[in-house]
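Results of the structural survey
Listed here are the chains, written in short residue letters.
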Amino acid sequence: MNSFSRRHRPTAAVLISLAVAAGVTACGSGSGGGTEGADSGTYTVWDPYPQFAKGSAWTNLLDKCGTAAGVKIKRTAFDTSDLTNKALLAAQQGNSADLLIVDNPVVSTLAEAGVLTTTDDNKLDTSKIDPNLLAAGQSGGKTYGTPIGANTLALYYNKKVLKEAGVDVASVKDWASLTAALEKVKKAGKKGITFSAIGTEEGSFQFLPWFWGSGAKLTRLDSAQGESALSLWKGWVKSGVAPNSVLNNTQTTSWQEFTTGEYAFAENGTWQLAGAKKAGLDYGVLPIPGASGGSAAAPTGGEFVTLPAQDDTGRYTTSQKLATCLTSTQNLYDTDTTLSYVAPTTEVQDKQVAANAELKPWVAAVRTAKGRTSDDLGTKYPKISEQMWKAVQSALSGSKSPKDALTDAQSAVK
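What this report covers is the structure whose coordinates are included nearby. All residue numbers refer to position in the chain's written sequence, counted from 1. Side-chain atom pairs in this predicted model are given and counted only at pLDDT of 80 or more, local residue features only at pLDDT of at least 70, and totals for whole chains, interfaces and linings cover all residues. Calculation of side-chain values draws on the structure's entire complement of heavy atoms; hydrogens and water are dropped beforehand.

To continue, consider the overall build of the protein chain. A tally of regular secondary structure across the protein chain gives 18 helices and 11 strands. Note on method: radius of gyration uses C-alpha positions; expected globular size equals 2.2 Å times residues raised to 0.38. Here the protein chain has a C-alpha radius of gyration of 22 Å; the compact-globule value for 414 residues is 22 Å, and the two agree. Its C-alpha atoms give the protein chain principal-axis dimensions of roughly 65 × 50 × 35 Å. With a 1.4 Å probe rolled over the protein chains alone, any residue whose accessible area is under 20% of its type maximum counts as buried; one over 50% counts as exposed, and the rest are partly exposed. In the protein chain, which comprises 414 residues, the proportion classed as buried is 56%. In what follows, residue pairs with any heavy atoms lying within 4.5 Å of each other are defined as contacts. Of the contacts made within the protein chain by residues no fewer than 6 positions apart, 77% connect residues no fewer than 24 positions apart. Secondary structure elements are defined from DSSP: runs of H or I of at least 4 residues count as helices, runs of E of at least 2 residues count as strands, and each element is numbered from the N terminus.

What follows is the structure, encoded as C-alpha cells:
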C-alpha cells in the first residue's frame, strides 16, 4: 500500500509550484478538516459543490452512503480552485480528507504531488467506466480515482432564427458549411454565433473542440492545423458573424447572449439545459463539427472521486466503500441527473437517454470527448492552456496574426 508518511510529504515549495501550475490562488491553510485527530467513525468528504446545502439530494446521498458503511460523514464544500489549494496544503500538514471530489484536470496535479492513492492501491473498480472519460484521471500509467459524471460542449441552435434565415441545420456538417450558415443568418439580419474566448481556462475549454477538430495536438500549438482553428474564430469575429464580446465572454455571459433569442448558435454545455427550457427557446443541439466533417472531440468537464493517501492506511477500506457507493449505477443516475451531467458508464447513459431523449446528443458528444490532461499531459496542461488562451486573445483582438500568436505560445510553453 502506498502509505503517505510524513517524511515523504511534498515540500511547501513543491506544493506552491503545483498550485500555481493548476491555476489556483494561494491562501491560508485554514483549519483543514481532514482525518488527523478525527473520530475513527467519522469520514471527511471535500467536494466542489457549494450550491448544494444540507438537506439537498447530494448531501442526503453522502449521508446514505455513510450509513451504509457504518460511519458518519463530515462534508465540506469549496469553490473548485480553492479546493485544489486546500487539498495540497492539507496533504503537506498530514490532514487530508478521506474522499476528495475534484475537477478532472486537477487529478494529475494532486497525483504528481503524491496526494492521491492509485486504484491499484485503493481497489476502486473502474472496469465499467468509458475509457475516454477515465483517461482524464490517469497519469504515468496509473489511475487515480473514478469519474462521478461528465459534461462537455456542443452547439445549441435556435430553430426560429435558422428558419427565418432559410438555413437547414442538417446542412451543417463541417466548418465550411457552418460558416456558410452563419453568413446566411447575418444576411437575414440576425446574429450568428456566440462563445467564450475569455483569457482564462474557460476560453481554452471552448477553443479546444475547434483545435482538436482541426487535427491539432496540444503538444504542438503552432501547427498548421492549430492555426486553421484560430483563423476560423478570427474570421468569424472579423466578418461580424461572432460578436466582439466573445473576448470577454464567460460561458455564462455567452449563454445570456444566446437566450436573448437573437443568435443562431451558441457553444455551451450540458449544464445549460435547464436554462434553455426556462428561457422558452425552441432549440436543438448538434455536436461541434470537425474541420472536414464528423464530430470534433470536445473536452470533458466533471469531477473525479479520489482517495487521498493517509497515514492510517486502515481507513482505505471504508473510504473505498464510500466511493463505490457514490458511483454505483443507481446513485450515478441520481447524482448526474441532479448535476445535469452525463454518466461515465454506458449502462447509466442509456438509462438517462431513456428517461430524457434530449440527452441523446449530449451522450454522443461525451462518448467522443477527450480529457484535457489526456495523452499523458498531466501537469503540463495548465501551462499549455494558459498560452493557448493568450494566443486566442491576441489573435481575436487583432494584436497578432493567428500564426504569430500560436508561434509565440509554443515558444512560451517550451
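What follows continues from the structure just given.
Any two rings among Phe, Tyr and Trp, with Trp reduced to its six-membered ring, count as a pair given centres within 6.5 Å; such a pair is stacked if its planes are under 30 degrees apart, edge-to-face if over 60, and tilted if neither. For the coordinates displayed, the defined rule picks out 15 aromatic pairs. Centroid distance Y156 to F258: 6.3 Å. Interplanar angle 50°. Geometry classified as tilted. Of this pair, Y156 sits in strand β7 (residues 153-158) while F258 sits in helix α11 (residues 251-258), and the two are 102 residues apart along the sequence. Its relative accessible area of 0% is what places F258 among the buried residues. Between F207 and F211, the ring centres sit 6.0 Å apart and the planes meet at 50°, which makes this aromatic pair tilted. Of this pair, F207 and F211 both sit in helix α9 (residues 201-213), 4 residues apart, which is roughly one turn of the helix. Over a ring means this: the NZ of a Lys or the CZ of an Arg is within 6 Å of the ring centre and within 35 degrees of the ring normal. The residue whose ring lies beneath R315 is Y43, and the NZ or CZ to ring-centre distance is 4.0 Å. For K351, the ring lying beneath its charged end belongs to Y333, and the centroid distance is 4.6 Å.

A few words on the pattern of salt bridges. Salt bridges are defined as contacts in which a side-chain nitrogen from Lys or Arg sits within 4 Å of a carboxyl oxygen from Asp or Glu. Going through the model one piece at a time under the given rule, you end up with 14 salt bridges. Put simply, E164 and K190 hold a salt bridge, and the shortest N to O gap is 3.7 Å. Of this pair, E164 sits in helix α7 (residues 159-165) while K190 is found in the loop between α8 (175-187) and β8 (191-194), placing the two residues 26 residues apart along the sequence. Taking relative accessible area as the criterion, E164 reaches 47% and is therefore assigned partly exposed.

This paragraph deals with the side chain of R372. Along the chain, R372 turns up in the loop between α16 (360-367) and α17 (381-397). Here a polar contact is recorded for every N or O atom pair within 3.5 Å, except that within protein the pair must consist of a potential hydrogen donor and a potential acceptor, and residues adjacent in sequence are included only if both atoms are side-chain atoms. At a separation of 3.1 Å, a polar atom in the side chain of R372 contacts the side chain of E201. A polar atom in the side chain of R372 sits 3.2 Å from the backbone oxygen of T300.

With that settled, consider the nonpolar core. Counting residues in each nonpolar core, the largest one holds 52 residues, and the members touching the most others are W210, F211, L218, W233, W236 and F265. Looking at which element gives the most residues to this core, the answer is α17, with 7 residues. Filtering out sequence-adjacent residues up to four positions away, W233 remains in contact with F195, S196, A197, G203, Q206, F207, W210, E267, V392 and L396. With 27 residues, the next largest nonpolar core counts F52, I148, A323 and Y341 among its residues. In plain words, nonpolar cores are sets of buried Ala, Val, Leu, Ile, Met, Phe, Trp, Tyr and Cys residues tied together by side-chain atoms within 4.5 Å.

Another aspect to go through is the environment of A242. Among the secondary structure elements, A242 is positioned in the loop between α10 (224-239) and α11. Sequence-wise, A242 and I193 are 49 residues apart; in three dimensions their C-alpha atoms are separated by 5.1 Å. A242 has contacts with I193, F195, W236 and V237, leaving out every residue within four places of it along the chain.

Mapped onto the elements, V167 comes out in the loop between α7 and α8. Expressed as a C-alpha distance, the spacing of V167 and L182, which sit 15 residues apart in the sequence, is 9.0 Å. Apart from residues lying up to four places away in sequence, V167 is in contact with L162, A181, K184 and V185.

When two cysteine sulfur atoms are found within 2.5 Å, that pair is recorded as a disulfide. This model, assessed by the stated rule, comprises 1 disulfide. Paired by a disulfide, C65 and C325 hold their sulfur atoms 2.0 Å apart. Across the S-S bond linking C65 and C325, the dihedral sits near -75°, which makes this disulfide left-handed. Linking C65 in helix α2 (residues 57-69) with C325 in helix α13 (residues 316-326), this pair joins segments that are 260 residues apart in sequence. C325 matches C65 in its accessibility class, with the two residues each being buried.

Between any two strands, pairing holds if DSSP finds at least two bridges. With respect to topology, 5 strands assemble into an open sheet ordered β2-β1-β3-β11-β6, the strand pairing being mixed. Each edge of the open sheet carries a strand with a single partner, namely β2 (72-77) and β6 (146-147). Relative to strand β11 (residues 303-306), strand β3 (residues 99-103) is paired through 4 bridges, and the arrangement is antiparallel. Note that in β11 the partner of D103 across the bridge is E303.

Next up on the list: the side chain of T126. Inspection of the secondary structure assignment puts T126 in the loop between α5 (119-122) and α6 (131-134). What makes T126 buried here is its relative accessible area of 16%. If sequence neighbours within four positions are ignored, T126 has contacts with T119, L134, G145 and T146.

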